[in-house]
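Chain and residue survey
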Amino acid sequence: MQIVWGNKKHTKEGKDIKMETKDLLDYFSEDLFISQMKASTKDASLDELASLFVKSKIIRKKSIVLEMLQKRETLGSTGIGKGVAIPHGRTTAAMDVKIAFGKSEQGMDFDSIDNKPVNLVFMVLAPPHDENNRYLPILGKLVEVLSGVKNRNKLKKVETFDEFIQVFNGVD
Amino acid sequence: MLKHLELLVALQDLDVMITDIDEVKQIGFKVGGKEKLKEARSQLAEKLSKPLLYNYENLRKRYKRAIIPVKDDICLGCFMRIPTSLITRGRSDQDVINCEGCGRVLYWYD
Ligand SMILES: [Zn+2]
């Protein structure tokens, strides 16, 4: 199975939105960050990260979002290889575009395309129609940033949210 | 067991996923056939009562979204204030409530 990295055309209606790596910083927040995930399975990790969205009041209820994320996984794992997973989706239950991050030291089975355990999980949730059409460019940018081995290695070492932010500030 | 409103939300989320899937694939995700999603959609639609489904499909034709967020008790589709009598019911997800202004199904965020 070939892994296709990188973001190609990713906007609707021909609108080209240029997304820089540092633009991703707008969508992270400290309450959507876990340096040591408890989850050891894919389902548990979806649950753990979705819980952060509830806690930070981005969504009111987890069940609706988990339903959507699990449906998405049935189409093909969002474990894109090299220890990275980016579960994602638009949901009526989300008000804003936000990204949660969780790191798992031991790694977990995510049915990834390379069958390797996943250590870095980025969960991207967006409303059905975000006004600025940011959702797909964000996904593309994340895939691009995480295709770099240096970035992945740095992320595997982060312990605090500040360190995490630095990775995205400092990428070339 | 999902309530009616949750089923509607799940349906709208699926419809959005069907629309997005080709672009998500372009980004580099491994995505299987759309048919699977369409099948899941019909299964979900079957769980809804006929009038609710009919209402949803009609709203979808008229607006981008059939289900619209409510924030600070205001419909973000038409900016009408929701009557107090409907707010508690709406927030509990117990009933499917249509906006008296624009007719869209209301979903409370807070
Ligand atoms: Zn309205």
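The structure under discussion appears in the preceding block.
Described below are features of the structure shown in this document. (Residues numbered from 1 in each chain as written. Chains lettered and ligands numbered in written order. Predicted model: local features only at pLDDT ≥ 70, side-chain atom pairs only at ≥ 80, totals over all residues. Heavy atoms only, no water.)

Brief notes about the overall build of chain A
Scanning chain A from terminus to terminus reveals five helices and six strands. Put simply, chain A runs from its N terminus to its C terminus through helices and strands in the order β-α-α-β-β-β-β-β-α-α-α. Within chain A, the proportion of its 172 residues that are buried is 59%. Counted over contacts in chain A with a minimum sequence separation of 6, partners at least 24 positions apart contribute 72%. (Helix = DSSP H or I, 4+ residues; strand = E, 2+ residues; numbered from the N terminus. Buried < 20%, exposed > 50% of the residue type's maximum accessible area, 1.4 Å probe, protein only. Contact = heavy atoms within 4.5 Å.)

Some points on empty space enclosed by the protein
Regions of empty space are outlined by a rolling probe, equal in size to a water molecule, passed over the atoms. Per the stated rule, a full pass over the model turns up two cavities of 30 Å³ or more. Its boundaries defined by the atoms lining it, the largest cavity holds a volume of some 70 Å³. Around the largest cavity sit Arg72, His88, Gly89, Arg90 and Tyr135 of chain A together with Asp13, Val16, Met17, Asp20, Ile21 and Val24 of chain B, which together line it. At the level of elements, strand E4 (88-90) of chain A together with helix H1 (4-27) of chain B are the ones that each hand at least two residues to the lining of the largest cavity. Considering every element that reaches the lining of the largest cavity, the biggest residue donor is H1 of chain B, with six residues. For the lining of the largest cavity, the class distribution of residues is five nonpolar, two polar and four charged. The wall of the second largest cavity is formed by Ile64, Glu67, Met68 and Lys71 of chain A together with Ala10, Asp13, Leu14, Met17 and Leu44 of chain B. Breaking the lining of the second largest cavity down by element, the ones donating at least two residues are helix H2 (62-74) of chain A together with H1 of chain B. For the lining of the second largest cavity, the per-class residue count stands at six nonpolar, no polar and three charged. (1 Å grid on protein atoms, 1.4 Å probe; cavity = no way out; pocket = protein on both sides within 12 Å on 5 of 7 lines; lining within 4 Å. Points joined across faces, edges and corners; volume = space filled by probe spheres on them. Nonpolar A, V, L, I, M, F, W, Y, C, P; charged D, E, K, R; others polar.)

Re the interface of chain B and chain A
Contacts between the two partners involve 38 residues from chain B and, on the opposite side, 38 residues from chain A. Summing both sides of the interface, chain B and chain A together bury roughly 3400 Å²; the carbon and sulfur share of this comes to 60%. Among the residues chain B hides against chain A, the three largest losses belong to Ile27, Phe29 and Lys30 of chain B. Together they make up 22% of the total. In this assembly, chain B and chain A are joined by two salt bridges. (Buried area = accessible area lost by both parts, 1.4 Å probe. Salt bridge = Lys/Arg side-chain N within 4 Å of Asp/Glu carboxyl O.)

Here's the deal with the environment of Leu44 of chain B
Residue position: Leu44 of chain B is located in helix H2 (residues 34-47). In this structure the C-alpha to C-alpha distance between Leu44 of chain B and Leu8 of chain B, which are 36 residues apart in sequence, comes to 8.8 Å.

Brief notes about unusual backbone geometry
The phi dihedral of Lys82 of chain A is positive, around 60 degrees, even though this residue is not glycine. Phi is positive for Asn115 of chain A, which is not a glycine, with a value near 60 degrees.

Looking at the coordination of the zinc ion
All names here are of chain B. At this site the zinc ion is bound by Cys75 (SG), Cys78 (SG), Cys99 (SG) and Cys102 (SG), with donor distances of 2.3 to 2.4 Å. Every donor residue of the zinc ion comes from the same chain, spaced as C-x2-C-x20-C-x2-C. Grouping residues by exposure puts Cys99 and Cys102 together as buried. (Donors = N, O, S within 2.8 Å, 3.2 Å for Na, K, Ca; no water.)

Thoughts on the nonpolar core
Ranked by size, the top nonpolar core spans 84 residues in total, and within it Ile86, Phe122, Phe164 and Phe168 of chain A carry the most contacts. With twelve residues, H1 of chain B is the largest single contributor of residues to this core. Not counting residues within four places of it along the chain, the set of residues in contact with Ile86 of chain A comprises Thr78, Ile80, Phe122, Val124, Leu139, Leu142, Val143 and Leu146 of chain A together with Phe29 of chain B. If you look at the next biggest cluster of nonpolar residues, it comprises eleven residues, including Ile68, Cys75, Ile97 and Leu106 of chain B. (Core = buried A, V, L, I, M, F, W, Y, C linked by side-chain atoms within 4.5 Å.)

Section: the pattern of salt bridges
All told, the structure shown has 15 salt bridges over all chains when counted by the stated rule. In this structure, Lys141 of chain A engages Glu144 of chain A in a salt bridge whose closest nitrogen and oxygen atoms are separated by 3.0 Å. With Lys141 of chain A and Glu144 of chain A both in helix H3 (residues 135-146) and three residues apart, the pair spans about one turn of that helix. When its relative accessible area of 32% is taken as the criterion, Glu144 of chain A is described as partly exposed. For Arg41 of chain B, the salt bridge goes to Asp15 of chain B, with nearest N and O atoms at 2.5 Å. With a gap of 26 residues between them, Arg41 of chain B in helix H2 and Asp15 of chain B in helix H1 connect regions that are remote in the sequence. Side by side, Arg41 of chain B and Asp15 of chain B carry an identical accessibility label, which is buried.

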